[in-house]
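These are the residues of each chain, in order.
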Amino acid sequence: MSYALQKRILILLFLLVPIALLAVFALYPAAYLVYLSLMTWDGFSPEKTWAGLSNYKEVFSNKEIWQTFLHNLVYLLWGLIQNGLGLFFALLLNSRLRGRNAYRVMLFMPYIMNGVAVAYMFNYVFNSEYGSLNTLLRTMGLDSLAISWFGSPGAVNHVLGFITLWKFMGLNMVIYLAALQSVSSEIVEASLIDGATRRQTIFHVILPNITKVIELNLFLTIIGTLEIFDLPFILTKGGPLGASDTFLTKTVETAFHFNNFGMASAMSITLIAAVIVVLSIQRMVTRRWGQ
């Protein structure tokens, strides 16, 4: 047996385990999800009925399902604000600010907190009766602003979006901060010597050098906002009257509350397709900006 053949066999043997794990835990579940999306199944009966594309037709024709997708866009809006604030604080804390390490830790702390703990903490903040926010507003004489934050259809998604901003902004800041520290100080100093202002240096020197990192953060933000589940599920259970339902909470409800696993699988495939489309648009926009 030649050395080249031995090398190929050894490489294949090393790849065998990760490929097997990928097939068992990723490829097979994905293929089975597509299979279930073409079936009518309640999750209990041993037999499944062929439904074809009827589940997908129901998904695209059901206005209630797509209304939940619009709720995800509110999270996306707050996610973009979250990225902007993360970049702002990264630029600020990348300077020679006194106590910058303490500020970095303070801003990053919410991210390492458990999501359920964060949900319960903000439940006390935004509670309509004894919440700290409404108590503060009433103390200041602003009783008209002390509303039921989780009971108002117009406010509930923005409140939940603000909570996601508070929790994940520190992660964006740390990623941006690492990217800023990788930018050559010689380039920045050269631009300042040539007469560029601080603002011009940021927009024309620093940001173009971290375009890939901005694209990565937007990628993570878009995936997170389109697949948000824990906060609306824990804090509002989709209320009031489904005003805070997201696409994923609606999918879980369809599967485990209405026992319609075929429809839920079709919704999952639709969500994956929507994520791919939105990420493709985001990639085209960031590529044009980086050129």
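These numbers were taken from a predicted model, which means no experiment stands behind them.

Asker: Where do I start with the nonpolar core in this structure?
Answerer: Here is a general trend for soluble globular proteins: nonpolar side chains tend to be buried in one another's company. Phe126, Phe150, Leu160, Ile163 and Leu235 are the most contacted members of the largest nonpolar core, which has 18 residues in total. Every element with two or more residues in this core is listed here: helix H5 (115-125), helix H7 (156-182) and helix H11 (230-235). Examining the composition of this core, we find that four residues originate from one element, H7, more than from any other. Discounting chain neighbours no more than four positions away, the residues touching Phe150 are Phe122, Asn123, Phe126, Val156, Val159, Leu160, Leu235, Thr236, Gly239 and Pro240. Counting 17 residues, the second largest nonpolar core, distinct from the first, contains Leu93, Val188, Ile202 and Leu218.

Asker: Help me out: how do you make sense of empty space enclosed by the protein in this one?
Answerer: If a probe the size of a water molecule is rolled over the atoms, the empty space left behind becomes visible. Counted by the stated rule, this structure contains one cavity of 30 Å³ or more. Forming the boundary of the largest cavity are Gly115, Lys167, Phe168, Asp230 and Leu231. Those elements that place two or more of their residues in the lining of the largest cavity are H7 and H11.

Asker: Mind showing me how you'd approach the environment of Val116 here?
Answerer: For Val116, the position within the fold is in helix H5. With a relative accessible area of 39%, Val116 lands in the partly exposed category. Each C-alpha atom, one on Val116 and one on Ile234, is 7.4 Å from the other, the two residues being 118 residues apart in sequence.

Asker: Sorry if this is basic, but what is going on with the layout of surface pockets here?
Answerer: By volume, the largest pocket is sized at about 300 Å³. Lining the largest pocket are Asn94, Ser95, Arg96, Leu180, Gln181, Val183, Ser184, Ser185, Val188, Glu189, Arg198 and Ile206. Among the secondary structure elements, those contributing two or more residues to the lining of the largest pocket are H7, helix H8 (185-193) and helix H9 (198-209). Top element by residues in the lining of the largest pocket is H8. It accounts for three residues. Split into classes, the residues belonging to the lining of the largest pocket amount to four nonpolar, five polar and three charged. In this structure, the second largest pocket encloses a volume near 230 Å³. Residue lining of the second largest pocket: Tyr75, Gln82, Thr164, Phe168, Leu171, Asn172, Asn217, Leu220, Thr221, Gly224, Thr225 and Ile228, and that is the complete set. Going through the elements one at a time, helix H3 (63-93), H7 and helix H10 (211-226) are the ones with two or more residues in the lining of the second largest pocket. Per element, the largest residue contribution to the lining of the second largest pocket is five residues, and it comes from H10.

Asker: What am I meant to see in the side chain of Thr225 here?
Answerer: By the element assignment, Thr225 lies in helix H10. Residues contacting Thr225, with those up to four places away along its chain left out, are Asn72, Tyr75, Leu76 and Gly79.

Asker: Could you clarify how one ought to interpret H10 in this entry?
Answerer: The α-helix advances 3.6 residues per turn, and as a result positions three or four apart in sequence lie on the same side. A rise of 1.5 Å per residue sets the reference length of H10, with its 16 residues, at 22 Å; its end C-alpha atoms lie 22 Å apart and thus fit the reference within 8%. Listed as buried for H10 are Thr211, Ile214, Glu215, Asn217, Leu218, Thr221, Ile222, Thr225 and Leu226. Taken end-on, H10 shows its buried residues confined to a sector of 165°, consistent with a single buried face.

Asker: I keep staring at the packing of aromatic side chains and nothing clicks. Help me out?
Answerer: The geometry of an aromatic ring pair is captured by two quantities: the separation of the ring centres and the angle between the planes. The final tally for this structure, using the stated rule, is 20 aromatic pairs. Aromatic pair Phe122 and Phe126: ring centres 6.0 Å apart, planes at 20°, arrangement stacked. Taken together, the ring pairs connect Trp78, Phe122, Phe126, Trp149, Phe150, Phe162 and Trp166 into an aromatic cluster. A cation sits over an aromatic face here: Lys48 above Trp41, 4.6 Å from the ring centre. One residue, Lys237, lies across the ring of Phe233, its end atom 5.1 Å from the ring centre.

Asker: What exactly am I supposed to notice about the pattern of salt bridges here?
Answerer: When the charged atoms of two side chains lie near each other, side chains of opposite charge can form a pair. Following the criterion strictly, the structure yields three salt bridges and no others. Taking the shortest distance from any N to any O, the salt bridge between Glu215 and Arg283 comes out at 2.4 Å. Of the two residues, Glu215 sits in helix H10 while Arg283 sits in helix H13 (residues 261-290), which places them 68 residues apart along the sequence. Residue class for Glu215 comes out buried when judged on its relative accessible area of 9%. As a salt-bridge pair, Glu253 and Lys250 come within 3.5 Å of each other at their nearest N and O atoms. With Glu253 and Lys250 both in helix H12 (residues 247-256), this residue pair falls three residues apart, about one helical turn. A residue is classified by how much of its surface remains accessible, and Lys250, at 10% relative accessible area, is buried.

Conventions used here
- Residues numbered from 1 in each chain as written.
- Predicted model: local features only at pLDDT ≥ 70, side-chain atom pairs only at ≥ 80, totals over all residues.
- Heavy atoms only, no water.
- Core = buried A, V, L, I, M, F, W, Y, C linked by side-chain atoms within 4.5 Å.
- Buried < 20%, exposed > 50% of the residue type's maximum accessible area, 1.4 Å probe, protein only.
- Helix = DSSP H or I, 4+ residues; strand = E, 2+ residues; numbered from the N terminus.
- Contact = heavy atoms within 4.5 Å.
- 1 Å grid on protein atoms, 1.4 Å probe; cavity = no way out; pocket = protein on both sides within 12 Å on 5 of 7 lines; lining within 4 Å.
- Points joined across faces, edges and corners; volume = space filled by probe spheres on them.
- Nonpolar A, V, L, I, M, F, W, Y, C, P; charged D, E, K, R; others polar.
- Expected span 1.5 Å × (residues − 1).
- Arc of directions from axis to C-beta.
- Phe/Tyr/Trp six-rings, centres within 6.5 Å; stacked < 30°, edge-to-face > 60°.
- Lys NZ or Arg CZ within 6 Å of the ring centre and 35° of its normal.
- Salt bridge = Lys/Arg side-chain N within 4 Å of Asp/Glu carboxyl O.

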